Amino acid sequence: MKQKKIILPESEIPTEWYNIQAEMPTKPLPMLDPKSLRPITAEDLYPIFVEESARQELNQSDAWIAIPEEVREKYRMYRSTPLVRANELERALDTPAHIYFKDEGGSPCGSHKLNSALAQAYYAKEQGVTNVTTETGAGQWGSALSLASRIFGLECAIYQVRVSYEQKPSRRTMMQVYGAQLTPSPSMSTRAGKDVLTRDPDNPGSLGMAISEAIELARTTPNTKYLLGSVMNHVGLHQTVIGLEAERQMALAGEQPDVVIACFGGGSNFSGMIFPFLRHTFCDDATTRYIAVEPSSCPKLTRGRFAYDYGDEAGYTPLIPMYTLGHSFVPSAIHAGGLRYHGGGSAFSQLLRDGYIEAMDVDQIESFRAGMLFARTEGIIPAPESCHAIAGAIREAERCKREAKAETILFCLSGHGQLEISAYEQFIRHTLTGGSPTDEELRAGLSDLPEVPACAIN
Ligand SMILES: *Cc1c(COP(=O)(O)O)cnc(C)c1O
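**Student:** Tell me about the environment of Tyr 178, residues and numbers included.
**Tutor:** Tracing the sequence through the fold places Tyr 178 in the loop between helix H8 (169-177) and strand S8 (181-185). Residues Tyr 178 and Cys 156, spaced 22 residues apart in sequence, show a C-alpha to C-alpha distance of 9.6 Å. In contact with Tyr 178, other than residues within four places in its own chain, are Pro 108, Cys 109, Ser 143, Ser 146, Leu 147 and Arg 150.

Here it is, written out as C-alpha cells:
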C-alpha cells in the first residue's frame, strides 16, 4: 500500500505566499469608501489596520510575496501539516474515489487560523504597534491571535460572540491561558454594542457585531490595531501555505486532485487550500473542480446576493463587493461558529461569480453525521466547521460510486473538534437541530444593503 501520511521536511515549508489577485482574469471590484463611494487606498486603511496587511490587501501586481523569516521560523512549530489518505473512510463509503485530507488541526491552537495570526502579529510588531484587538466566533481565531500576540509581545483584546462565549467555556479559557483580555459581544463597552443591547438585551451576538466593537476599540485607543481572521484578501494570502504544501504533497503521492473541497465561513481556509491549485486553471486549462461548503443556516454563497456590503454590523468597514446575506443578518446559533458570517470576501466572490468555484450548502445534522463517520474511520474528531468539508467530500465520493469513477478528492480538515465535544454530545442525544432560514428571513437581511449605484457592480 502507498504511504498513508505525507509530511514535508522543514526546508520545504513554503518561502512565499501566493497572491491570486495578481493573476485573476477579472480583478475583484474595488472596496469603496461608504461616504464618497470612491475606491479606497491602502492609506485609507492605515488608521485601523496594520500597514503591511493593508498593502497586501490591495496588492494586485505581485503573484508571490515573501514570507518573513521570523514568521517562517514560527511556522516550524507545526508545519508542514500532514496530507493523509483517508483509506478507512473510502472503505466505509465503498467508493472508487481516492480521498485525501490536509490536516490543519495539528497546530497548537487546533486550526489553520495560526497561519495568518502569526503573520499579522509579526507585521504589527514590526510597525511598533503595542496592542491588537479582534473578534472571535467559536474562539479559534481568538485563540490563534492570543498565542501569536504572546509570541510577538503584543497585548491582545478580544470580543467574543456572546453565544460562543457562553457555549464554549474551554475556548474562552484557552485564550485566557495565552493571556488575552476577553469581552462577550455585544457589550456595553462600545457605542455599537450599547446600541444593540438597548434595543435587544438578549441579542446572541454575531461576528459582524463583534467586528464593529473591535474596530471601535482600535479607533479610539492609541497604538491599537484591528486584526481580522478571515474574509479579507490578505488573510487568504497567508493561508496559501496550506495549498502550496498540499500541491507538493499530492505530487509526492503521485496523484492530481479532480475535486478540491473546503468549508466556508469568511473564506480563509478555502482560499488558502484552493488558490494555489486554481492558478493552474488560469494558465494550463486544468479541469479541477473547487467546492466551497457552507452551512444551510447561513447560505450566503447559495442563496445570498453579489452586492456591496459592510463587513460588520454597525457599518464601520469599507464597502466590500461580495456575496452577502446583508450585514444585519443574524444566523441561528449553530455549533460551527466559524461559519456564521454574512459575507464572502472580494477576491473569492469574484471567482465564484466568474464560475471558477462551486458552492454547496449542508445542513447541521448532515455535517455532524459526516463528522461522526470521519471520527469512527480516520480517528480524528473534526471541528464542527470542518464537518461541512467532510460532508461535501462524502457527497462527491458517493457521486463517484454512482458514476463508477475513481476520481481523486482532496479536502481541507481546517481543525479538530476536541474542545467542541458538547456539540457531539447533543448530536448523539438527538437534541441537535438543523434547518435553514426562510426566504422571508433572507429578504429582511438583504433589504438592508447599503445604497450603491448599480454601475459600480457591473
Ligand atoms: C474559523 C474556522 C473556519 C471558518 O473560517 P474560514 O475563514 O472560512 O476558513 C473553518 N474551520 C475552522 C476550524 C475554523 O476555526
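**Student:** Go over the pattern of salt bridges, please, and point to the residues and values.
**Tutor:** In total, this model carries 25 salt bridges according to the counting rule given. As a salt-bridge pair, Glu 73 and Arg 76 come within 2.8 Å of each other at their nearest N and O atoms. Classification of Arg 76 by relative accessible area gives partly exposed; the value is 28%. Residue Arg 289 is joined to Glu 396 by a salt bridge in which the shortest nitrogen-to-oxygen separation is 2.9 Å. Of this pair, Arg 289 sits in strand S11 (residues 289-295) while Glu 396 sits in helix H17 (residues 384-402), and the two are 107 residues apart along the sequence. For Glu 396, a relative accessible area of 6% translates into the label buried.

**Student:** Quick rundown of the site of the ligand? Include the residues and the values.
**Tutor:** Taken together, 18 residues are adjacent to the ligand, and Lys 113, Ser 230, Gly 265, Ser 268 and Ser 414 come closest. Lys 113 has a polar side-chain atom sitting 2.7 Å from an oxygen atom of the ligand. Notes on the ligand: free accessible area 380 Å², of which the protein chains cover 98%. Per-class residue counts for the shell around the ligand are four nonpolar, twelve polar and two charged.

**Student:** Could you give an account of the packing of aromatic side chains, naming the residues involved and the relevant values?
**Tutor:** Taken as a whole, this structure holds 15 aromatic pairs when the rule is applied. With a centroid separation of 5.4 Å and an interplanar angle of 65°, the aromatic rings of Phe 306 and Tyr 323 are classed as edge-to-face. Of the two residues, Phe 306 is situated in strand S12 (residues 305-310) and Tyr 323 in strand S13 (residues 319-324); the sequence distance between them amounts to 17 residues. Residue Phe 306 shares its accessibility class with Tyr 323, and that shared class is buried. These aromatic residues form a ring-pair network of at least three members: Phe 101, Phe 374 and Phe 411. Across from the ring centre of Tyr 165, 4.5 Å away, lies the NZ or CZ of Arg 172, which sits over that ring.

**Student:** Tell me about the sheet that holds strand S6 (residues 131-136), and please be specific about residues and values.
**Tutor:** Hydrogen bonds along the backbone pair up the strands of a sheet, which may run parallel or antiparallel. The strand order across the open sheet formed by four strands is S8-S7-S6-S9, and the pairing between neighbours is parallel. Whereas interior strands pair on both sides, the edge strands pair on one side only; in this sheet they are S8 and strand S9 (224-226). Within the sheet, the average angular offset between the axes of one strand and its neighbour, ignoring direction, is 25°. The pairing of S6 with strand S7 (residues 155-161) spans six bridges and is parallel. By the bridge assignment, Thr 136 is partnered in S7 with Gln 160. Most of the contacts of helix H6 (residues 140-152) go to S6, to which it runs at about 165°, and overall it touches S6 and S7. Sitting on the sheet, helix H10 (residues 207-220) is in contact with S6, S7, S8 and S9, with an inclination near 170° to S6.

What counts and what doesn't
Residues numbered from 1 in each chain as written. Predicted model: local features only at pLDDT ≥ 70, side-chain atom pairs only at ≥ 80, totals over all residues. Heavy atoms only, no water. Helix = DSSP H or I, 4+ residues; strand = E, 2+ residues; numbered from the N terminus. Contact = heavy atoms within 4.5 Å. Salt bridge = Lys/Arg side-chain N within 4 Å of Asp/Glu carboxyl O. Buried < 20%, exposed > 50% of the residue type's maximum accessible area, 1.4 Å probe, protein only. Near = heavy atom within 4 Å. Polar contact = N/O pair within 3.5 Å; in protein donor to acceptor, adjacent residues only side chain to side chain. Areas by Shrake-Rupley, 256 points an atom, 1.4 Å probe, with all protein chains shown as cover. Nonpolar A, V, L, I, M, F, W, Y, C, P; charged D, E, K, R; others polar. Phe/Tyr/Trp six-rings, centres within 6.5 Å; stacked < 30°, edge-to-face > 60°. Lys NZ or Arg CZ within 6 Å of the ring centre and 35° of its normal. Pairing = 2+ DSSP bridges. Axes fitted to C-alpha atoms, helices over the stretch in contact; angles between N-to-C directions.

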